[in-house]
Every structure is written in C-alpha cells, then in structure tokens.
Amino acid sequence: MRYSPVKTAVIGYGFSAKTFHLPFIEAMEQLALTAISSSQTAAVTADYPDVTCFSDADSLLTDSDAELVIITAPNDVHFRLAKLALENGKHVIVEKPFVTKVEDGEALIALAEEKGLVLSVFHNRRWDGDFLTVKKLVESGRLGEVKYFESHFDRFRPVVRQRWREMAEDGGGILFDLAPHLLDQALALFGKPQALTAQCMAMRPGAKTIDYYNLILQYPEHLVQLHSNLYSPEPNLRFKVLGSLGKYEKYGLDPQEDYLKAGVKPEQPAWAAEDAAHYGQLHQEDGSQIIPTELGGYQHYFAGVTDAIRLGTPNPAPAEDALLNIQLIQLALESSRLGQTMKVDA
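This text gives an overview of the structure that appears in the document. (Residues numbered from 1 in each chain as written. Predicted model: local features only at pLDDT ≥ 70, side-chain atom pairs only at ≥ 80, totals over all residues. Heavy atoms only, no water.)

Regarding the packing of helix α4 (residues 78-87) against helix α5 (residues 102-115)
Each pair of packed helices can be summarised by the angle the axes make with each other and by the distance between the axes.
Working step 1: Where α4 meets α5, the closest approach of the two axes is 10 Å, and the angle between their N-to-C directions is 10 degrees. One finds that α4 runs roughly parallel with respect to α5. Counting all contacts with α4, which are made through F79, A82, K83, L86 and E87, the residues of α5 involved are D104, A107, L108, L111, A112 and K115.
Working step 2: Among the residues making up the contact of α4 with α5, the classes are represented as seven nonpolar, no polar and four charged. (Axes fitted to C-alpha atoms, helices over the stretch in contact; angles between N-to-C directions. Helix = DSSP H or I, 4+ residues; strand = E, 2+ residues; numbered from the N terminus. Parallel < 35°, antiparallel > 145°, perpendicular 65-115°, else oblique. Contact = heavy atoms within 4.5 Å. Nonpolar A, V, L, I, M, F, W, Y, C, P; charged D, E, K, R; others polar.)

So, the sheet that holds strand β1 (residues 6-11)
Working step 1: The strand order across the open sheet built from six strands is β3-β2-β1-β4-β5-β6, with neighbouring strands paired in parallel fashion. For this open sheet the edge positions go to β3 (52-54) and β6 (119-122), each flanked by a neighbour on one side alone. Within the sheet, the average angular offset between the axes of one strand and its neighbour, ignoring direction, is 25 degrees.
Working step 2: Two elements, strand β4 (residues 68-71) and strand β5 (residues 91-95), share four bridges in a ladder whose sense is parallel. The residue bridging I71 from the neighbouring strand is V94, located in β5.
Working step 3: Contacts from helix α1 (residues 15-27) reach β1, β2 (31-37), β4, β5 and β6 within the one sheet, and its direction differs from that of β2 by about 150 degrees. (Pairing = 2+ DSSP bridges.)

Topic: the packing of helix α9 (residues 179-190) against helix α12 (residues 319-338)
Working step 1: Contact geometry for α9 and α12: axes closest at 10 Å, N-to-C directions at 120 degrees. Taken together, the axis directions place α9 and α12 in an arrangement best described as oblique. Regarding α9 and α12, the two cross each other, and that crossing is right-handed. Each of P180, L183, D184 and L187 in α9 lies in contact with α12, whose residues at this interface are L324, N325, L328 and I329. (Left-handed = near helix turned anticlockwise from the far one by under 90°.)

Description of the environment of L230
Working step 1: Mapped onto the elements of the fold, L230 is located in the loop between β10 (223-229) and β11 (237-243).
Working step 2: Along the primary structure L230 and T62 are separated by 168 residues, whereas in three dimensions their C-alpha atoms are 40 Å apart.
Working step 3: Those residues in contact with L230 that lie beyond four places of it in its chain are R155, F156, R157, P158, I174, R204 and D211.

Observations concerning helix α6 (residues 129-140)
Working step 1: With twelve residues, α6 should reach 16 Å at 1.5 Å per residue; the first-to-last C-alpha distance of 16 Å fits that figure.
Working step 2: If you check which residues of α6 are buried, you get G129, D130, F131, T133, V134, L137 and V138.
Working step 3: Those residues of α6 that are buried lie in contact with β7 (146-152), α9, β11, β12 (246-251), α10 (256-261) and β14 (287-291).
Working step 4: At the exit of α6 stands G141, carrying a positive phi of roughly 85 degrees. (Expected span 1.5 Å × (residues − 1). Buried < 20%, exposed > 50% of the residue type's maximum accessible area, 1.4 Å probe, protein only.)

Describing the packing of aromatic side chains
Working step 1: Enumeration over the complete set of coordinates arrives at 15 aromatic pairs.
Working step 2: With 6.5 Å between their ring centres and 65 degrees between their planes, Y259 and W271 make a pair best called edge-to-face. Of the two residues, Y259 sits in helix α10 while W271 sits in the loop between α10 and β13 (280-284), which places them twelve residues apart along the sequence.
Working step 3: For W271, a relative accessible area of 8% translates into the label buried.
Working step 4: What links up through ring pairs into an aromatic cluster is the set F15, F20, F24, F122, W127, Y259, W271, Y298, Y301 and F302. (Phe/Tyr/Trp six-rings, centres within 6.5 Å; stacked < 30°, edge-to-face > 60°.)

Considerations on the nonpolar core
Working step 1: By size, the foremost hydrophobic cluster in this structure holds 74 residues, and its most contacted members are I11, I71, F98, L119 and Y213.
Working step 2: If one sorts the elements of this core by residue count, α12 sits on top with nine residues.
Working step 3: In this structure, I71 is in contact with I11, H78, L81, A82, V92, I93, V94 and E95, ignoring residues within four places of it in sequence.
Working step 4: Counting 32 residues, the second-largest nonpolar core is a separate cluster that includes Y13, F20, I25 and A272. (Core = buried A, V, L, I, M, F, W, Y, C linked by side-chain atoms within 4.5 Å.)

Describing the sheet that holds strand β8 (residues 195-201)
Working step 1: Pairing within the open sheet is mixed, and its nine strands lie in the order β14-β13-β12-β11-β7-β10-β9-β8-β15. Only two strands of the sheet have a single neighbouring strand rather than two, namely β14 and β15 (342-343).
Working step 2: Sheet analysis places β13 next to β14, joined by five bridges and oriented antiparallel. The partner of Q284 across the bridge, within β14, is G287.
Working step 3: Strands β7, β11, β12 and β14 of the sheet are contacted by α6, whose axis makes an angle of about 0 degrees with β11.
Working step 4: The strands touched by α12 are β8, β9 (212-218) and β15; relative to β8, the strand with the most contacts, the crossing angle is about 70 degrees.

Below you can see the structure in the form of structure tokens.
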C-alpha cells in the first residue's frame, strides 16, 4: 500500500452503515475502523469489540482520533454533524442526500475549503455496473446522438412504514432518498440541464412525505426522465436510452446492494459482477444484441476518497456536484407546487 490506513469513524449503526460502509472499511487496507457512534452500544461492542463506541455523534466528533468520518445519520442532521466534523479537523463522507437546503451545502463547502479538508458525498451508484455500461455506450457513440434518456428506481412498498425516511418533514420521502441517485448519474453523463419539470406526490394512504416523483430534465438536444414510485412489484425498467443509432434497455437494479445484504464480502474485484441473465440489450436497425454489464464496485469510491486524503488526487464525488443535485431537488418541489417548468440557473 502506498500510504498508512486512514483512521475512519462511522456515525450511525443502521442499514446504511452496516450495508454500504462497514463492509468496505473492513475489506480495504486503505481504511482502518477506529470508532462508531450509536445508541446501540451493546450491539456495536459485540460486533466490533476492538472499536471505540461513542453513545452520541458529538462525542465521537470531538473526542475520537478519526481522520475521516462517515455520516449515516438521518438527513435532517447531515448539515450539523458535517459542520462539527469539519470544525474538528476531520475529512467527511456524507451519505446522500448531501443536505436538505442549498445554503447549508454552500456553507459546508466553504468550511471544507477553508480547512483544507476533503468533503465527499456518498454517490456510490456512479459505480453501479449498469450505469457504467450506459456511460460506455453513450460515450463510445454506439447509440449515436442521445435523444431520450430514462432512468427508474421503482419499488413495491404500498404501505407506509414507521421509520424516519418516511416520516421526516425535512429530507424525508423518496425525492430525497432515491432521486439523488438518479440525478447524480444524469448529471455525471450530461451535466447541468436548462430546465426542469416535476410531479411530486404523496400517493399512499397515510403518507406524510413524497412517495412518487417524475422529473423531466431538458437539454438542448435531448430529454432526461427520472422516475420513482412505490407501486411496482414487477421486474423494473432501470434504463432506456434512445439514440440516433439505436436503443439500449436494461431491467433490474445493480446487484451490489443485494449482495451486501446477503453478507457477500467485497474482497475481490469480481464480487460485484452481475449475472448474465440480467444483462441489457442494444437494439439497432440490423438486429439486437446482449450487452454484458460492466464490472462495478463501490470500493472504487472509497479508494478515491482515501487517495484524495493521502495523495491530494481529485475527490471522486465532490460536494460541489452534490450541491447541484440538491438545487434540482428544490426546483422539482417548486415545479410540482406551481405546475410549471423551472429554468435552471446557468
């Protein structure tokens, strides 16, 4: 290894921490787990007896020896915890969404720059195999000029669950939970749109937050549609891309989340490979062909962050990118409320 492991702490011990972060910290030599903050002290101590457990996040941020802090707490406290971490000289990974208000994101970016610290947002789905496949097809020109790009993250959850993601007024609902994934991928491919039109609704009985959205991003030569709903039990469309030379269509989500939930350890590069039965198809005038899915891997994100900390290389998912994501979410809420198309500032 080119440098000493980055001492890393995790705030929270819920699904996100245990599924998307701790397995990589354990598997990668670039990271060393030193602390976790959680009210589940007994569970943390049982699972990680050699790691310091703090009962609250503030104590971890002020008293731990961590160089890097990963914040997996509820969305409405991202700003406060990230600010405290930066003030205490720690590099920060914030789970998406970055923040719930644009002005909070601007303040964090300015603070990180002032302190000379890495502030990154966990937009891990830039390393989904299916997205890497779409990116390769678009950038290679095999689809010709892209005219329409459609991306879905649909689920079947017709009953409201009693959990903060579905109850919180500030940063709750799937517009803040799922749309950041789709927006980040679209922005990575196409950059900032000219305008945005959105429908955002609470459809389920008893829903307190948005559980349906449909976003249309307008570009000079093409449209992007981003969609999520909670009434889709079937194998879901993930991507549909229409171009002047053909169409690519892909069903089903990248398998990494399911693998991690099943206990697969991300210790070998091929751990993230998708089964051939789920490959997408490229349709062109002279016929159709199966397109093998590129090999993804969320470990590349963590490696990029540690390189940024130790070597000064570019941040793999900088907060500046994530701030545009939040700006578009706020525009989507306004567009839906007014029933109007909103221009995106140049």
